[in-house]
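# Overview (structure and organization)
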Amino acid sequence: MTLLDGKKTSEAIQNEIAAEVAAIKAKGGKVPHLAAVLVGNDGGSITYVTNKVATCERIGFGSSLIRYEDTVTEEELLNKIKELNEDEEVDGFIVQLPLPRHIDTEKVIEAIDPKKDVDGFHPTNVGRMVAGLPAYLPATPAGILQLLMRYEIETKGKHCVVIGRSNIVGTPMSILMSKSAYPGNCTVTLCHRHTTDLAYHTRQADIIIVAVGQPGLITADMVREGAVVIDVGTTRVPDASRKSGFRLRGDVDFDSVAPKCSYITPVPGGVGPLTIAMLMMNTLRASKKEVYG
Ligand SMILES: Nc1nc2c(c(=O)[nH]1)N[C@@H](CN(C=O)c1ccc(C(=O)N[C@@H](CCC(=O)O)C(=O)O)cc1)CN2
């Protein structure tokens, strides 16, 4: 069994981007600039956005952080998005999710200029991805593709079972794994909350990608010998022995499943760290006008 080291892979990607930014700087070019909009005080969201801004600094990007209380109105948020769409200094920006309930997330995402949508959530980027046109790919699925590529895992002709159909992970992942490119060319089954007999499907999988936020959902009896298992779940569960008071648990029961796998991602340190690296990659592509010209 080989552990898919997301932390190491993320560092390698970040170093590659940093080298490219240094070269741009040396030629007197404009360095990429990412803006992040954060609403409210959710601990997880604050950590992720703080890490995104810190990563920008480390690899030589410019960055801006725009913070709002969770009482911000939808109109105020939409006005800020309009401003960011028009700001020539900003190459790309994200609105950290989830948003408070009184704000219509779809409306916010649709207000972002697709050319600056480095999260790849705008329907234009989703449509372009489905059509096989150049697009910003959502960071988590793009990170999983990088893991498969960098560990040279064969995907052609394999049966990939994706569990969870969120717009951010499961749905785009199922499309990307079915595409006629590497890593892809899989036969894909997309399972979700209404799937009857989940284990029937997972037992037939060469590759399992699970993103549902249900700790320990995938147990050893659901996985066949030699499978590749990618765990996107990161649920905070109470743990009094830790200073933070919690620990992260994936959707896979790692201890029982790992011995059966050819490759498996740990939680933490698997898919998560790649999310930030791929956001940086999209921002670099935005600054180079690689996707929309
Ligand atoms: N606008 C967006 N919102 C959200 C996204 C996104 O891509 N764009 N994804 C998630 C949160 N997220 C990034 O924003 C994210 C999640 C997890 C990690 C990560 O590195 N996880 C680590 C553990 C970190 C910890 O200790 O808490 C791991 O799995 O090893 C990075 C980014 C939802 N919102």
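Cut-offs applied
- Residues numbered from 1 in each chain as written.
- Predicted model: local features only at pLDDT ≥ 70, side-chain atom pairs only at ≥ 80, totals over all residues.
- Heavy atoms only, no water.
- Pairing = 2+ DSSP bridges.
- Helix = DSSP H or I, 4+ residues; strand = E, 2+ residues; numbered from the N terminus.
- Right-handed = clockwise from strand over helix to strand, strands pointing away.
- Near = heavy atom within 4 Å.
- Polar contact = N/O pair within 3.5 Å; in protein donor to acceptor, adjacent residues only side chain to side chain.
- Nonpolar A, V, L, I, M, F, W, Y, C, P; charged D, E, K, R; others polar.
- Domains from an automatic or database assignment.
- Contact = heavy atoms within 4.5 Å.
- Buried area = accessible area lost by both parts, 1.4 Å probe.
- Salt bridge = Lys/Arg side-chain N within 4 Å of Asp/Glu carboxyl O.

For the rest of this paragraph, the subject is the pairing of strand β3 (residues 62–68). By the bridge criterion, seven bridges tie strand β2 (residues 33–39) to β3 in an arrangement that is parallel. When the bridges of β3 are listed, Leu 38 appears paired with Arg 67. In this fold, the crossover linking β2 to β3 by way of helix α2 (residues 43–59) has right-handed handedness.

The subject of this paragraph is the site of the ligand. The environment of the ligand is formed by 14 residues, the closest being Lys 52, Val 95, Gln 96, Asp 119 and Gly 269. Between an oxygen atom of the ligand and a side-chain N or O atom of Lys 52, the distance comes to 2.6 Å. Residue assignment for the shell around the ligand shows that the elements contributing at least two residues are α2 and α10 (272–287). Counting residues per element, the shell around the ligand draws most heavily on α10, which supplies three residues. Looking at the shell around the ligand residue by residue, the classes come out as seven nonpolar, five polar and two charged. Looking at which domains feed residues into the shell around the ligand, each of domain 1 (28–113) and domain 2 (139–272) gives three or more.

Moving on, we get to unusual backbone geometry. Look at the link from Leu 97 to Pro 98: it is a cis peptide, with omega at 5°. Residues Tyr 182 and Pro 183 are joined by a peptide bond in cis, for which omega reads -5°. Structurally, the position occupied by Pro 183 is in the loop between α7 (170–178) and β6 (187–191). Within the chain, Asn 185 stands out as a residue other than glycine whose phi angle is a positive 55°. Position of Asn 185 relative to the elements: it lies in the loop between α7 and β6. Here Lys 289, not a glycine, exhibits a phi torsion of approximately 50°, which is positive. Its location among the elements puts Lys 289 in the segment after α10.

This next bit is on the domain arrangement of the protein. As assigned here, the protein comprises domain 1 (28–113) and domain 2 (139–272). The centre of domain 1, based on its C-alpha atoms, is set 28 Å off from the matching centre of domain 2. Contacts between the two partners involve six residues from domain 1, matched on the other side by four residues from domain 2. Here domain 1 packs against domain 2, burying approximately 210 Å² in sum over the two surfaces, 39% of which is carbon and sulfur. Where domain 1 packs against domain 2, one counts zero salt bridges. Taken together, domain 1 and domain 2 are joined by zero residue pairs in polar contact (both at pLDDT 80 or more). With four residues, the single largest contributor to the side of domain 1 that touches domain 2 is α2.

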